[in-house]
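Observations on the three-dimensional arrangement
Now for the letters of each chain:
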Amino acid sequence: NAGVTQTPKFRVLKTGQSMTLLCAQDMNHEYMYWYRQDPGMGLRLIHYSVGEGTTAKGEVPDGYNVSRLKKQNFLLGLESAAPSQTSVYFCASSYSGGDSNIQYFGAGTRLSVL
Amino acid sequence: LAKTTQPISMDSYEGQEVNITCSHNNIATNDYITWYQQFPSQGPRFIIQGYKTKVTNEVASLFIPADRKSSTLSLPRVSLSDTAVYYCLTTFLYNQGGKLIFGQGTELSVKP
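So, a few notes on the structure that sits alongside this text.

About the thresholds
- Residues numbered from 1 in each chain as written.
- Chains lettered and ligands numbered in written order.
- Predicted model: local features only at pLDDT ≥ 70, side-chain atom pairs only at ≥ 80, totals over all residues.
- Heavy atoms only, no water.
- Helix = DSSP H or I, 4+ residues; strand = E, 2+ residues; numbered from the N terminus.
- Buried < 20%, exposed > 50% of the residue type's maximum accessible area, 1.4 Å probe, protein only.
- Lys, Arg positive; Asp, Glu negative; His and termini not counted.
- Salt bridge = Lys/Arg side-chain N within 4 Å of Asp/Glu carboxyl O.
- Polar contact = N/O pair within 3.5 Å; in protein donor to acceptor, adjacent residues only side chain to side chain.
- Pairing = 2+ DSSP bridges.
- Axes fitted to C-alpha atoms, helices over the stretch in contact; angles between N-to-C directions.

Moving on, we come to the side chain of R68 of chain A. Residue and element names in this part refer to chain A. For R68, the position within the fold is in the loop between β7 (65–67) and β8 (73–78). One buried charged residue, R68, remains without a salt bridge, the closest side chain of opposite sign being E30 at 5.5 Å. Within the local environment of R68, its side chain forms a polar contact with the backbone oxygen of H29, the two atoms lying 3.3 Å apart. Polar contacts involving the side chain of R68 include one to the main-chain carbonyl oxygen of E30, which spans 2.9 Å.

This paragraph deals with unusual backbone geometry. With omega at -5 degrees, the peptide bond leading from T7 of chain A into P8 of chain A counts as cis. Within the secondary structure, P8 of chain A is located in the loop between β1 (4–7) and β2 (10–13). Phi at R68 of chain B is positive, roughly 60 degrees, even though this residue is not glycine. Here R68 of chain B is to be found in the loop between β6 (61–64) and β7 (70–75).

The next subject is the sheet that holds strand β3 (residues 19–25) of chain A. All names here are of chain A. The sheet built from four strands is open, its strands ordered β1-β3-β8-β7 with antiparallel pairing. Each end of this open sheet is capped by a strand with a single partner; those strands are β1 and β7. For this sheet the average axis-to-axis angle between neighbouring strands, irrespective of direction, equals 20 degrees. Relative to β3, β1 runs antiparallel, the two sharing four bridges. Bridged to Q6 within β3 is C23.

Attention now goes to the sheet that holds strand β2 (residues 18–23) of chain B. Residue and element names in this part refer to chain B. Strand order across the open sheet formed by four strands is β2-β7-β6-β5, with antiparallel pairing between neighbours. The sheet is open, and its two borders are formed by β2 and β5 (53–56), each paired with just one other strand. The sheet shows a mean angle of 15 degrees between the axes of neighbouring strands, taken without regard to direction. With three bridges joining them, β6 and β7 adopt antiparallel strand pairing. Across the sheet, residue F63 finds its bridge partner in β7, namely T72.

Right, dumping it as structure tokens:
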């Protein structure tokens, strides 16, 4: 039982390049989330999904796209990377998104955009 | 918007009890209060969750007064391995329009 797995762990991009971050969970959770963490900013929600085939915007969605084609996978895409997207990205999943939402996090992806 | 406020940092010594208080004045009726722990280079990890009064598990206790406008995470007899950042979160995703607010967290430093 691996929990939440993020791929890759590290990545360096040049401005304007594109990439996709993959998140996989094996807990049969309905809800999945993508966050970014910057120094002094805590965790900020980028996009989330309440089930296969559905996605929604979080607090800071600009510059990112997501897809949830399979229940266990949640992809985060950067179409044209910018230095402002240098950050640590965390994926999380939860059984529900309601009152007692408990999220399980991956180990993170450290992204640098030059 | 359910925003939480916590102290930015706290210092403690091994063996002491540590209490971290979180303010959540705008907590909604349906919101639970959840605490996470994060070590460097790792994702946050769930510690404890509660709705009212007191909750205790093998790791911590959570005290919630009747008005639910604040909560206190209590870590008994901390050790060096409890050095981490602790986040308080009130959650009800849809009421907040997709804004799960983790805030800056409290950086706890435990000294020998």
